[in-house]
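# Topology and contacts: notes
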Amino acid sequence: MTVTRSIRKVWRSRPTIEGAGVHLKRAFGNQEVPLLDPFLLLDDFRSNEPSKYLPGFPWHPHRGIETITYVLQGNVEHGDSMGNRGDITPGDVQWMTAGSGIVHQEMPKGNAQGRMGGFQL
């Protein structure tokens, strides 16, 4: 049985600055929130200019949400207040469940050519 469904809505990503000054494109997660249940956010953090990603996302809480980070180019150093740390490198996927009271940081480093790229849902 074939079911045809129509497209309900098309959103264009918007340039956004997050963290300590990372330039990214947010596909959804702002004014679209009332239409998305559960709450969803999708960020594209690609850049060939280190000044637009090196400030990173210093220590911050998430308090019970989950993130999926996929890196295309460069690497992202990740650490949390429990002492866990690691690098997310090209082709890696990190699924993080953030507990209440735990803070973490994500610091994009780029590759040898100065390129950084990935997505976070």
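Since this is a predicted model, take the numbers as computed values, not measurements. Each chain has its residues counted from 1, running along the sequence as written. Note on the predicted model: pLDDT of at least 70 is required for a residue's local features to be given, and 80 or more for side-chain atom pairs to be given and counted; whole-chain, interface and lining totals, by contrast, use all residues. With hydrogens and water stripped out, all remaining heavy atoms of the structure feed into the side-chain values.

Think of it this way: any DSSP run of H or I at least four residues long counts as a helix, any run of E at least two long counts as a strand, and we number them from the N terminus. The number of helices and strands found in the protein chain is zero helices and 10 strands. Secondary structure elements in the protein chain, listed N-terminal to C-terminal, are β-β-β-β-β-β-β-β-β-β. Structurally, the protein chain occupies a C-alpha span of about 50 × 35 × 30 Å along its principal axes. Across the 121 residues in the protein chain, those meeting the buried criterion constitute 34%. Here, residues are in contact when the closest pair of their heavy atoms is within 4.5 Å. The long-range share in the protein chain, meaning contacts at least 24 apart out of those at least 6 apart in sequence, stands at 63%. Carbon and sulfur atoms form 53% of the exposed surface of the protein chain, whose accessible area is close to 8000 Å². Any residue under 20% of the maximum accessible area for its type is buried, any over 50% is exposed, and the rest in between are partly exposed; the area is computed with a 1.4 Å probe on protein chains only. Here the open area of atoms and residues is found with the Shrake-Rupley method and a 1.4 Å probe, where only the protein chains shown may cover a residue.

Here we come to a nonpolar patch on the surface. Side chains of Tyr70, Leu72 and Val93 sit close together on the surface and give an oily, nonpolar patch of about 250 Å² of accessible area. Here leucine 72 lies in strand β5 (residues 66-73). When its relative accessible area of 35% is taken as the criterion, leucine 72 is described as partly exposed. Only residues whose relative accessible area exceeds 30% and that take part in no salt bridge are eligible for patches, with like-charged residues grouped when within 9 Å of each other and nonpolar side chains (Val, Leu, Ile, Met, Phe, Trp, Tyr) grouped when within 5 Å. One side-chain nitrogen of Lys or Arg within 4 Å of one carboxyl oxygen of Asp or Glu is enough to make a salt bridge.

Structurally, alanine 98 is set in the loop between β8 (93-97) and β9 (103-108). Exposure remark for alanine 98: the relative accessible area of 8% places this residue in the buried category. When the C-alpha positions of alanine 98 and glycine 64 are compared, they lie 5.0 Å apart, and in sequence the two are 34 residues distant. Not counting chain neighbours up to four residues away, the residues in contact with alanine 98 comprise His62, Arg63, Gly64 and Ile65.

Geometric descriptors of this kind do not, in isolation, establish any biological role.
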